[in-house]
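Topology and contacts: notes
Each chain, written out:
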Number of protein chains: 2
Amino acid sequence: MKSSGIDRRALLSSLAALPAFAGSPLPALAQAKADAPSAPPLASWNDGAAKQAILEFVRATTDPASPKFVPSEERIACFDQDGTLWVEKPMYTQVLYCLESVPGVVARQPELGRAEPFKTVLSGDREAIARLSLHDLEKILVATLTGVSVEAFGAEVGDWLRAAKNPRWSRAYTDLTYQPMQEVLRYMRDSGFRTYIVTGGGQDFARVYAQRTYGIPPEQVVGTMGGTTLRYDTNGEPQLIKDPRLLLNDDSAGKPEGIHLMIGRRPVAAFGNSDGDREMLEYTGAGGGARLMMLVMHDDAQREYAYGPARGLPESKVGRFSQQLFDEAKAKGWTVISMKDDWNRVFDL
Amino acid sequence: MKSSGIDRRALLSSLAALPAFAGSPLPALAQAKADAPSAPPLASWNDGAAKQAILEFVRATTDPASPKFVPSEERIACFDQDGTLWVEKPMYTQVLYCLESVPGVVARQPELGRAEPFKTVLSGDREAIARLSLHDLEKILVATLTGVSVEAFGAEVGDWLRAAKNPRWSRAYTDLTYQPMQEVLRYMRDSGFRTYIVTGGGQDFARVYAQRTYGIPPEQVVGTMGGTTLRYDTNGEPQLIKDPRLLLNDDSAGKPEGIHLMIGRRPVAAFGNSDGDREMLEYTGAGGGARLMMLVMHDDAQREYAYGPARGLPESKVGRFSQQLFDEAKAKGWTVISMKDDWNRVFDL
């Protein structure tokens, strides 16, 4: 797989901080909170500029008498996933999936277990894993994300998501979504918006949980796209096999490119949390009429994490939010959401 | 641009049959007939197996008491475009667009006009144009489909579609849609299906007219996909520029691959008219539960065209329907629609 804009070496080295790989089974994937009974909109948001920006944007774009009214077919809102809708620390969930899938892959292809980098991953030695090269990580991604049918891949990811637990909260990764953002998704959908995930992670990976976790159907998931190849099985039935060709790296400039490819319309609202979301917000903001651009800032070490390095927050390898991005947000009128000040609740646990 | 599965040499050589390139302006793109007042479903279809197959499929999949009931989110119906929804003879509309766009491209880049293949295209000598090589045609596609912003491209295609006329009917290409298929689109949407175009033509090209012509929004158009590149203009505004990288050739095996990429679900119904639709119908048919696979057969030389070569119809370079495809349809229970026998009306002119 072609190298992507995501700094995979940084990802790997942050692995050393993880207490354990394997989790114990949970009964089911977290159900979409979007299906919860209706509540006052944005109840987990404190009164303030961020909450007000959302309410005012939705009012202005949905009131037919408003000069900023947007017809329902144009109401497209795009949401980054890792770090914007759910926890991305200590590591992107998909990278954990890839590493934890190595034993299963080796069971099917035992010769891999005698070769690097699979031997190192199987050793469980996190310090050694953190020293793997980018080239090694790409071998792991190819071995664990490709070579299977799209249906088998979906089933494997679903099984893993039901079993795996985030080490800090001992909860399924799909439980660790931000309740305030779930409320934004629901509120915007209730107001006639279509909500899309636009993630640097794998499109097929996010599609496995997006419906149940966020109420977002597979056709509204835009992510890093790999090719598939149609093959016929021994019964002559056609199957789509995931293959290692990278079609689009849906990060940074790839986000507007992916949005155009998949949707063909410019969004009117975009939510992110890192430098990788900059171009998506710029592209959204460059359209005419009402626009809403928001960035989640992780400044709440107690309830979640604090990382930047904007505003002196600790430097982060995953989900980096630079001072330059912060300055651009201020200059362009984007809203920076302070997790600490704007959210009265982070999770619904 | 990488060579595609479409036989572009055959396309070019069929150009010699065209009486003229330029058309005179028409006031507006054909409005979506999907917005017409409601009528009995499938009024332009004669009673028979084809009409019955559609009615029975919709009944079985939408009646909650039916064992074949399909939940609304899974009601995905995919339609090939050229030859299935509108006339593809004597040449795919998009190829005509590319050839007729050469003068405009040369006006912006005069040096091109002194070089081949542009000199030949500008000469208007259709015999010479028909002799252009595949490599030359690809130069024309790159020059006329890329290097502009997605917005500028949409505006240029829209202008052309308003002006250009099909030589046989002297009508806009967007007027030459099959009324019976417009009725299928409308009937299925009224029954809770989402209708997608799945075309071997360019995705961005079909998006220009799909909403107005068929009531199909841009995000429901799957086609041959080229890359875009985000660039910043002199005002620092981001723009998506169409570039020559081919991401996916949405023809033959590329159709199921494109469907997975763009929708992430297997369709329950698929409509085509040529060998390039075979894999889409096979992929659709290989899913469980109720399925509808249909092929439009052009056997009506008087009202439209007759071409095959299945069943002894004249051999065709564009939209080839082979005897092998016909035999597979019969063996697998796909429905072949006879334009002559199944449709009491072809156009709504």
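Residues numbered from 1 in each chain as written. Chains lettered and ligands numbered in written order. Predicted model: local features only at pLDDT ≥ 70, side-chain atom pairs only at ≥ 80, totals over all residues. Heavy atoms only, no water.

So, the overall build of chain A
- What chain A contains, in helices and strands, is 13 helices and seven strands.
- A buried classification covers 61% of the 349 residues belonging to chain A.
- Long-range contacts, defined as pairs at least 24 residues apart, comprise 69% of the intrachain contacts of chain A with a sequence gap of at least 6.
- By element, 51% of the accessible surface of chain A is carried by carbon and sulfur atoms, the whole surface being about 13100 Å². (Helix = DSSP H or I, 4+ residues; strand = E, 2+ residues; numbered from the N terminus. Buried < 20%, exposed > 50% of the residue type's maximum accessible area, 1.4 Å probe, protein only. Contact = heavy atoms within 4.5 Å. Areas by Shrake-Rupley, 256 points an atom, 1.4 Å probe, with all protein chains shown as cover.)

Observations regarding the environment of Thr174(A)
- Checked against the element boundaries, Thr174(A) lands in the loop between helix H7 (150-163) and helix H8 (179-190).
- Expressed as a C-alpha distance, the spacing of Thr174(A) and Tyr209(A), which sit 35 residues apart in the sequence, is 7.6 Å.

Things to note about the relation of the copies chain A and chain B
- The transformation that overlays chain A on chain B combines an axial shift of 0.0 Å with a rotation of 180°, and the residual RMSD is 0.0 Å. The operation mapping one copy onto its partner corresponds to a two-fold rotation axis.
- Mapped onto chain B, 100% of the interface residues of chain A again fall at the interface, so both copies present the same surface. (Least-squares fit on C-alpha atoms with pLDDT ≥ 70 in both.)

Looking at the sheet that holds strand E5 (residues 269-272) of chain B
Residue and element names in this part refer to chain B.
- One open sheet holds the seven strands; their spatial order is E4-E3-E2-E1-E5-E6-E7, and the pairing between them is mixed. Of all the strands in the sheet, just strand E4 (238-248) and strand E7 (335-338) have a single pairing partner and so form its edges. The sheet shows a mean angle of 35° between the axes of neighbouring strands, taken without regard to direction.
- Taken strand by strand, helix H2 (residues 49-62) contacts E5, strand E6 (292-297) and E7, and its axis lies near 155° from that of E6. (Pairing = 2+ DSSP bridges. Axes fitted to C-alpha atoms, helices over the stretch in contact; angles between N-to-C directions.)

A closer look at the pairing of strand E1 (residues 76-79) of chain B
Residue and element names in this part refer to chain B.
- Neither face of E1 is left uncovered, since the one carrying Ile76 and Cys78 and the one carrying Ala77 and Phe79 both have all their residues buried.
- With four bridges connecting them, E1 and strand E2 (residues 194-202) associate as parallel partners. Across the sheet, Phe79 pairs through a bridge with Ile197, a residue of E2.
- Bridging between E1 and E5 involves three bridges; their strand directions are parallel. Paired with Ala77 across the two strands is Ala269, which belongs to E5.

Concerning the pairing of strand E3 (residues 221-232) of chain A
Residue and element names in this part refer to chain A.
- Where strand E2 (residues 194-202) lies against E3, three bridges are found, and the strand directions are parallel. Note that in E3 the partner of Gly202 across the bridge is Thr224.
- Here E3 pairs with strand E4 (residues 238-248) via seven bridges, running antiparallel. Its bridge partner lying in E4, Thr229 is registered against Ile241.
- As consecutive antiparallel partners, E3 and E4 are separated by five residues, and within that stretch Gly236 has a phi angle of approximately 80°, a positive value.

Section: the pattern of salt bridges
- Scanning the model with the defined rule gives 44 salt bridges over all chains in all.
- In this structure, the salt-bridge partner of Asp63(A) is Arg59(A), at a minimum N-O distance of 3.7 Å.
- Ionic contacts of the salt-bridge type, sharing partners, join the residues Glu74(A), Arg194(A), Arg265(A) and Glu219(B) into one network. (Salt bridge = Lys/Arg side-chain N within 4 Å of Asp/Glu carboxyl O.)

Some thoughts on the confidence of the model for chain A
Residues and elements named next belong to chain A.
- Chain-level statistics for chain A give a pLDDT mean of 91 and a share of 89% at 70 or above.
- Low pLDDT, under 50, characterises residues 1-6; the stretch is placed with 20 contacts to residues that sit more than four places away or in other chains.
- Here the predicted complex scores 0.92 on pTM and 0.91 on ipTM. (pLDDT = per-residue confidence, 0-100.)

Comments concerning the interface of chain A and chain B
- Residue-level contacts link 35 residues of chain A with 35 residues of chain B.
- Carbon and sulfur atoms supply 54% of the area buried between chain A and chain B, which totals about 2900 Å² over both sides.
- Area buried by chain A at its contact with chain B is led by Glu219(A), His260(A) and Leu261(A), which between them contribute 20% of it.
- Here Glu151(A) ties to Arg266(B) by a salt bridge, and the two come within 3.1 Å at their closest N and O atoms.
- Applying the counting rule to chain A against chain B returns 20 residue pairs in polar contact (both at pLDDT 80 or more).
- Sorting the residues of the side of chain A that touches chain B by element identifies H7, E2, helix H9 (203-214), E3, E4, helix H10 (254-262) and helix H11 (278-285) of chain A as the ones contributing at least two each.
- Residue contributions to the side of chain A that touches chain B peak at six residues, all from E3(A). (Buried area = accessible area lost by both parts, 1.4 Å probe. Polar contact = N/O pair within 3.5 Å; in protein donor to acceptor, adjacent residues only side chain to side chain.)

Concerning the packing of helix H8 (residues 150-163) of chain B against helix H10 (residues 203-214) of chain B
All names here are of chain B.
- Axis separation between H8 and H10 bottoms out at 9 Å; the angle between their running directions is 60°. Put simply, H8 runs oblique to H10. Crossing of H8 against H10: the hand is right-handed. Across from Val150, Phe153, Gly154, Val157, Gly158, Trp160 and Leu161 in H8, the residues of H10 making contact are Asp204, Phe205, Val208 and Tyr209. (Parallel < 35°, antiparallel > 145°, perpendicular 65-115°, else oblique. Left-handed = near helix turned anticlockwise from the far one by under 90°.)

A look at the packing of aromatic side chains
- Inspection of every chain in the model, using the stated rule, returns 30 aromatic pairs over all chains.
- Between Tyr97(A) and Phe153(A), the ring centres sit 6.2 Å apart and the planes meet at 90°, which makes this aromatic pair edge-to-face. You can see Tyr97(A) sitting in helix H3 (residues 93-108) and its partner Phe153(A) sitting in helix H7, a full 56 residues away along the chain.
- Taking the relative accessible area as the measure of exposure, Phe153(A) reaches 2% and is therefore buried.
- The lysine or arginine in question, Arg168(B), covers the ring of Tyr305(B), its NZ or CZ lying 4.8 Å from the ring centre.
- Positioned above the aromatic ring of Phe153(B) is the side chain of Lys242(B), whose terminal nitrogen or guanidinium carbon lies 4.7 Å from the ring centre. (Phe/Tyr/Trp six-rings, centres within 6.5 Å; stacked < 30°, edge-to-face > 60°. Lys NZ or Arg CZ within 6 Å of the ring centre and 35° of its normal.)

Concerning the nonpolar core
- Met181(A) and Met188(A) are the most contacted members of the largest nonpolar core, which has 73 residues in total.
- Broken down by element, the residue count for this core peaks at eight residues, all from H3(A).
- Once residues lying within four places of it in the same chain are set aside, the contact partners of Met181(A) are Trp45(A), Phe79(A), Thr84(A), Leu85(A), Phe271(A), Val296(A) and Trp343(A).
- Judged by nonpolar contacts, the second largest core, of 72 residues, contains Trp45(B), Val106(B), Ile216(B) and Leu292(B). (Core = buried A, V, L, I, M, F, W, Y, C linked by side-chain atoms within 4.5 Å.)

Comments concerning H8(B)
- In a regular helix each residue adds 1.5 Å, so 14 residues correspond to 20 Å; H8(B) covers 20 Å between its end C-alpha atoms and thus fits that length.
- Summarising the contacts, the buried residues of H8(B) are in contact with H10 of chain A together with helix H3 (93-108), helix H7 (134-145), H10, strand E3 (221-232) and E4 of chain B. (Expected span 1.5 Å × (residues − 1).)

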